[in-house]
Amino acid sequence: MPSDSNLLAQLLLTGVPGPELDSATAARLKKLQPGGYILFGRNIVSAEQVRKLIDDLRDLSDIEPIITIDQEGGRVSRLRLIGDEPPNAQSLRDKGDPGLIATHGRLTGQLLRLFGFNLDLCPVLDISYDDAADNSLKGRTYGKDAQQVISNAGIFNANMRREGILSCGKHFPGYGPAECDPHEFLPVITKSREALEREELLPYSALLPELDSVMTCHSNYTAFDPDRGRWPASLSHNIVTKLLRDQMGFEGLAITDDLDMGAILNEVTFEQAIQEAVRAGNDIVMICHRLEMVELAHEHLKGVEEPIIHDALRRIEQTKKRLRKPDVFSLDRFAEINREILQLRIDTLGAEKASVLSVEDGKRSPVELY
């Protein structure tokens with residue numbers, strides 16, 4: 001097996017510039033050999049094109065890559081650009097029919113397998129204390145309390161994973177109390193540790209054995225890092241290693257939220273962000289939008305101590321053993337799944353509301369636009 005230093009890029013999850021790989025981008029990615037790729041709206045033009053892009057990314061990779069996307073439902077459904085929009089978590093929550101949530105999980109898994117994705121960046125495990133809050137969570141939450149999140153997100157998670165797609169619980173420890181959008185600014189959350197354990201952490205305590213990965217978030221939690229000032233959870237050893245791994249016993253993959261976000265870039269240097277994220281206990285650092293930053297991150301990873309890199313590589317390798325190959329692609333199969341998604345939308349929202357696609361009212365979060 002190559003040395004840990006030769007495998008450093010396995011710790012990188014990168015975005016891709018456009019809907020197809022030009023020769024220069026392909027050459028850069030082939031040289032870099034990142035551990036995974038994330039697709040956004042800019043990468044999605046047609047069904048055949050998405051499958052070809054994913055096949056091309058896999059062909060570039062010496063080690064099977066993670067291929068992921070934010071396919072939650074509602075406005076955070078990248079594939080709604082080429083198909084019908086699934087209902088969001090809040091609509092399914094408010095409808096109160098577990099069978100519809102199970103169908104949503106099944107269809108999401110089937111849709112992603114068809115295109116060649118192997119991990120979905122969901123379910124959202126945040127609690128909604130205010131459905132209208134401007135904290136990037138609007139419409140995306142499965143519950144107004146911890147138990148409702150556990151029940152609903154658990155159903156979605158089980159049914160999606162049954163179709164061969166790995167899951168990612170997010171955003172650990174929880175954006176629910178945040179008063180701003182971390183895409184733009186660092187939220188500071190002052191809840192006590194006891195309150196967080198009673199609320200935010202309960203969905204993770206319940207569902208961690210059924211989650212393949214966890215996304216760590218960019219809020220500052222004063223209860224866990226009282227002496228570090230404005231220190232994001234994604235860079236916090238107290239939160240990722242001591243809380244998530246040691247106290248809660250999670251042995252799966254820890255992935256940072258996008259490190260190219262205001263909550264990080266306004267607070268620390270890029271070198272700090274990369275190195276401290278891995279030292280904190282994350283296995284994969286996510287950089288979604290600028291390939292040159294991913295290449296720079298690869299250089300910064302060389303400054304992280306070898307035993308830490310070794311532990312991250314071990315967890316990445318264990319996770320990748322569970323990646324499933326894509327289904328055979330068929331436009332007819334895509335049309336069939338799409339019809340079921342539309343029916344799910346109608347069953348959840350009613351025919352009249354189902355005809356109106358999700359938009360933000362006025363101010364849109366970057367999580368939707370990326």
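Cut-offs and rules
Residues numbered from 1 in each chain as written. Predicted model: local features only at pLDDT ≥ 70, side-chain atom pairs only at ≥ 80, totals over all residues. Heavy atoms only, no water. Pairing = 2+ DSSP bridges. Helix = DSSP H or I, 4+ residues; strand = E, 2+ residues; numbered from the N terminus. Contact = heavy atoms within 4.5 Å. Axes fitted to C-alpha atoms, helices over the stretch in contact; angles between N-to-C directions. Buried < 20%, exposed > 50% of the residue type's maximum accessible area, 1.4 Å probe, protein only. Polar contact = N/O pair within 3.5 Å; in protein donor to acceptor, adjacent residues only side chain to side chain. Phe/Tyr/Trp six-rings, centres within 6.5 Å; stacked < 30°, edge-to-face > 60°. Right-handed = clockwise from strand over helix to strand, strands pointing away. Core = buried A, V, L, I, M, F, W, Y, C linked by side-chain atoms within 4.5 Å. Disulfide = S-S within 2.5 Å. Expected span 1.5 Å × (residues − 1). Parallel < 35°, antiparallel > 145°, perpendicular 65-115°, else oblique. Left-handed = near helix turned anticlockwise from the far one by under 90°. Nonpolar A, V, L, I, M, F, W, Y, C, P; charged D, E, K, R; others polar. Salt bridge = Lys/Arg side-chain N within 4 Å of Asp/Glu carboxyl O.

Attention now goes to the sheet that holds strand β12 (residues 284-287). Strand order in this open sheet of eight strands is β6-β3-β2-β1-β12-β11-β9-β7, and the pairing throughout is parallel. Each of the sheet's edge strands pairs with one partner strand only, and the pair in question is β6 (119-120) and β7 (168-172). By the bridge criterion, four bridges tie strand β9 (residues 213-216) to strand β11 (residues 253-258) in an arrangement that is parallel. Counted as the bridge partner of Met 215 is Ile 255 from β11. Sitting on the sheet, helix α2 (residues 47-60) is in contact with β2 (36-39) and β3 (66-69), with an inclination near 165 degrees to β2.

This part is about the environment of Arg 230. Mapped onto the fold, Arg 230 is located in the loop between β10 (220-221) and α8 (237-247). Judged by relative accessible area, which is 43%, Arg 230 ranks as partly exposed. The sequence separation of Arg 230 and Val 268 amounts to 38 residues, and the corresponding C-alpha distance is 9.5 Å. Leaving out residues up to four positions away in the same chain, Arg 230 has contacts with Leu 186, Val 188, Asn 220 and Glu 267. A distance of 2.8 Å separates a polar atom in the side chain of Arg 230 from a polar atom in the side chain of Glu 267.

Attention now goes to the packing of aromatic side chains. For the structure shown, the criterion picks out four aromatic pairs. Note on Phe 115 and Phe 334: the rings are 5.3 Å apart at their centroids and 70 degrees apart in plane angle, and the pair reads as edge-to-face. In this pair, Phe 115 is assigned in helix α4 (residues 98-115) and Phe 334 in helix α13 (residues 331-349), connecting sequence segments 219 residues apart. Across this residue pair, the class does not change: Phe 115 and Phe 334 are buried. With a centroid separation of 4.9 Å and 85 degrees between ring planes, the pair formed by Phe 172 and Tyr 204 is classed as edge-to-face. A residue pair is termed long-range when its members are at least 10 positions apart, and Phe 172 in strand β7 and Tyr 204 in helix α7 (residues 202-207) qualify at 32 residues.

Side-chain alternation along strand β1 (residues 12-15) places Leu 12 and Thr 14 on one buried face and Leu 13 and Gly 15 on a second face that is also buried. Bridge count between β1 and β12: three bridges; the pairing is parallel. Following the sheet pairing, Leu 12 is matched in β12 by Val 285. In this structure, β1 lies alongside β2, joined through three bridges in parallel fashion. Its bridge partner lying in β2, Gly 15 is registered against Ile 38. In this region the chain leaves β1, passes through helix α1 (residues 23-32) and returns to the parallel neighbour β2; the handedness of that crossover is right-handed.

Bringing the nonpolar core into the picture now. Among the nonpolar cores identified, the biggest contains 108 residues, and Leu 12, Leu 57, Leu 79, Phe 115, Phe 117, Phe 172 and Ile 287 are the most heavily contacted of them. Top element by residues in this core is α4. It accounts for seven residues.

Moving on to the state of the cysteines. Evaluated as defined, the whole model comprises zero disulfides. Cysteine Cys 122 is unpaired, with the sulfur of Cys 168 as its nearest cysteine sulfur at 8.5 Å. Taking the relative accessible area as the measure of exposure, Cys 168 reaches 0% and is therefore buried.

A separate point is α4. If you check α4, its first and last C-alpha atoms are 26 Å apart, about what 18 residues at 1.5 Å a residue would give, namely 26 Å. The buried fraction of α4 amounts to 14 of the 18 residues, a majority that puts the element mostly inside the structure. The N-cap residue of α4 is Asp 97: its side-chain oxygen and the backbone nitrogen of Gly 99 are 2.9 Å apart. Of the residues trailing α4, Gly 116 is marked for its positive phi of about 105 degrees.

At a closest axis distance of 9 Å, the pairing of helix α10 (residues 270-280) and helix α11 (residues 291-301) adopts a crossing angle of 60 degrees. Comparing the axis directions of α10 and α11 gives the class oblique. In the crossing of α10 with α11, the sense of the turn from one axis to the other is right-handed. Residues Phe 270, Glu 271, Ile 274, Gln 275 and Val 278 of α10 form the contact with α11, whose own contacting residues are Met 293, Leu 296, Ala 297, His 300 and Leu 301. Along the lines of polarity and charge, the residues of the contact of α10 with α11 split into seven nonpolar, two polar and one charged.

With that out of the way, let us pick up the pattern of salt bridges. As a working rule, side chains carrying opposite charge can pair if their charged atoms are close by. Using the criterion set out here, one finds 28 salt bridges in the structure. Here Arg 93 ties to Asp 131 by a salt bridge, and the two come within 2.7 Å at their closest N and O atoms. Taken together, the positions of Arg 93 in helix α3 (residues 89-95) and Asp 131 in the loop between β6 and α5 (146-162) put the pair 38 residues apart, joining distant regions of the chain. Residue class for Arg 93 comes out buried when judged on its relative accessible area of 4%. For Arg 245, the salt bridge goes to Asp 283, with nearest N and O atoms at 2.8 Å. With Arg 245 in helix α8 and Asp 283 in the loop between α10 and β12, the pair connects residues that are 38 residues apart, well separated along the chain.

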